Amino acid sequence: QVQLVESGGGLVQAGGSLRLSCAASGLPFSNYAMGWFRQAPGKEREYVAGINWSGGRIYYADSVKGRFTISRDNAKNTVYLQMNSLKPEDTAVYYCAADQSLATMNKYWGQGTQVTVSS
């Protein structure tokens with residue numbers, strides 16, 4: 001049974017930072033690409049960042065480039081999203097995802113963690 005468990009969300013002021021973590025179990029983690037999505041109320045889910053199995057290929061949405069950093073630790077079966085210079089428009093539920101391709105990224109999902117950025 002595959003489980004993706006996010007943590008690290010919370011309330012932060014604009015300009016602040018948060019680090020999200022996603023711990024994976026039940027899958028060969030080092031064989032999977034991992035990603036972060038977000039969904040704000042009334043908006044479509046947005047693919048924020050993705051990282052391939054080795055960390056050698058990384059994707060960022062234009063909206064977060066230069067502010068967010070995705071990384072992974074295959075020894076700990078964990079993927080991270082470091083979020084700096086947060087803006088109120090970053091407020092959303094953030095979801096961790098796993099797939100065997102950076103492009104598809106929809107095979108497995110976590111339950112989500114709320115990030116709220118106050119102005």
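Keep in mind it's a predicted model, so treat the numbers as computed, not measured.

Moving on, we come to the sheet that holds strand β8 (residues 78-83). Pairing is antiparallel in the open sheet, where four strands are placed in the order β1-β3-β8-β7. Each edge of the sheet is formed by a strand with only one pairing partner; in this case those strands are β1 (3-7) and β7 (68-73). The mean inter-strand angle of the sheet, taken between neighbouring strand axes irrespective of direction, is 15°. Here strand β3 (residues 18-25) pairs with β8 via six bridges, running antiparallel. Following the sheet pairing, serine 21 is matched in β8 by tyrosine 80.

Here we come to the state of the cysteines. By definition, a disulfide links two cysteine residues through a covalent bond between their sulfur atoms. Here the structure, examined in full by the defined rule, presents one disulfide. Each disulfide pairs two cysteine sulfurs, and for cysteine 22 the partner residue is cysteine 96, the sulfurs being separated by 2.1 Å. Residues cysteine 22 and cysteine 96 are joined through a disulfide that is left-handed, its torsion about the S-S bond being -80°. Of this pair, cysteine 22 sits in strand β3 while cysteine 96 sits in strand β9 (residues 92-99); the two residues are 74 residues apart in sequence, bridging distant segments of the chain.

Reading the values: the criteria
Residues numbered from 1 in each chain as written. Predicted model: local features only at pLDDT ≥ 70, side-chain atom pairs only at ≥ 80, totals over all residues. Heavy atoms only, no water. Pairing = 2+ DSSP bridges. Helix = DSSP H or I, 4+ residues; strand = E, 2+ residues; numbered from the N terminus. Axes fitted to C-alpha atoms, helices over the stretch in contact; angles between N-to-C directions. Disulfide = S-S within 2.5 Å.

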